[in-house]
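Given next are the chains, with one letter for each unit.
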Amino acid sequence: MKAAREFPLRARERLTFEYVLLAGVNDGPEQAREVTELIRGMRAKVNLIALNPGSELPYRTPEQERVLAFQRILMRAEIPTFVRRPRGRDIFAACGQLKRTVEVVPESSIKSALPQ
């Protein structure tokens, strides 16, 4: 945060913070107030991203109302805050979801299984 506060910005520039919301972990009013205090006084904006669920992730996507409540708290503190629209969730290609969906067997395992 020290480096962010000291980062040289031109007249119309703002720092952008991307905040991924995890249901029941960091999507509550108390965390929104913590974010507000962390960036108070900075020329910054916040993009809120509701978690894009994946099959191996232990976290859930927050309800839309919690995302909007989080946004309202930041906006009341005069922090420009935007909710990012999810894209690609249906094919597991959204932010945070891109991953290998098949198990890759190391080449050495294949060679050792072949008849000699």
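Preceding block: the structure.
Reading the values: rules and limits
- Residues numbered from 1 in each chain as written.
- Predicted model: local features only at pLDDT ≥ 70, side-chain atom pairs only at ≥ 80, totals over all residues.
- Heavy atoms only, no water.
- Helix = DSSP H or I, 4+ residues; strand = E, 2+ residues; numbered from the N terminus.
- Contact = heavy atoms within 4.5 Å.
- Areas by Shrake-Rupley, 256 points an atom, 1.4 Å probe, with all protein chains shown as cover.
- Polar contact = N/O pair within 3.5 Å; in protein donor to acceptor, adjacent residues only side chain to side chain.
- Buried < 20%, exposed > 50% of the residue type's maximum accessible area, 1.4 Å probe, protein only.
- Patch = residues over 30% accessible without salt bridge, like charges linked within 9 Å, V, L, I, M, F, W, Y side chains within 5 Å.
- Salt bridge = Lys/Arg side-chain N within 4 Å of Asp/Glu carboxyl O.
- Pairing = 2+ DSSP bridges.
- Axes fitted to C-alpha atoms, helices over the stretch in contact; angles between N-to-C directions.
- Arc of directions from axis to C-beta.

Caption draft 1: Main features of the overall build of the protein chain. In terms of helices and strands, the protein chain carries four helices and three strands. The linear arrangement of helices and strands in the protein chain, starting from the amino end, is α-β-α-β-α-β-α. Taking the contacts inside the protein chain whose residues are at least 6 apart along the sequence as the reference set, 73% of them involve residues at least 24 apart. As displayed, the protein chain offers around 8,700 Å² of accessible surface, 55% of which is attributable to carbon and sulfur atoms.

Caption draft 2: Structural view of the side chain of Thr81. For Thr81, the location among the structural elements is in strand S3 (residues 81-83). A distance of 2.8 Å separates a polar side-chain atom of Thr81 from the backbone oxygen of Ile79.

Caption draft 3: Fine view of the environment of Phe70. Relative to the assigned elements, Phe70 resides in helix H3 (residues 64-76). Phe70 sits in the buried class, given a relative accessible area of 1%. On a C-alpha basis, the gap between Phe70 and Asn26 in space is 9.8 Å, while along the polypeptide they are 44 residues apart.

Caption draft 4: Up close: a nonpolar patch on the surface. Nonpolar side chains collect at one region of the surface, where Val25, Leu57 and Tyr59 lie side by side and expose about 260 Å² of accessible area between them. Overall, Val25 belongs to the partly exposed group, its relative accessible area being 44%.

Caption draft 5: Representation of the sheet that holds S3. Taken together, the three strands give an open sheet; going across it, the order is S1-S2-S3, and neighbouring strands pair in parallel fashion. Of all the strands in the sheet, the pair left with one neighbour each is strand S1 (15-21) and S3. Strand-to-strand twist across the sheet, computed as the mean angle between neighbouring axes with direction ignored, equals 20°. With seven bridges joining them, S1 and strand S2 (residues 44-50) adopt parallel strand pairing. Of the residues in S2, the one forming a bridge with Leu15 is Ala44.

Caption draft 6: How the structure looks around helix H2 (residues 29-39). Among the residues making up H2, those that are buried are Gln31, Ala32, Val35, Thr36 and Ile39. Projected down its long axis, H2 shows its buried positions confined to an angular sector of 145°, all on one face. Just beyond H2, the residue with positive phi is Gly41, at close to 85°.

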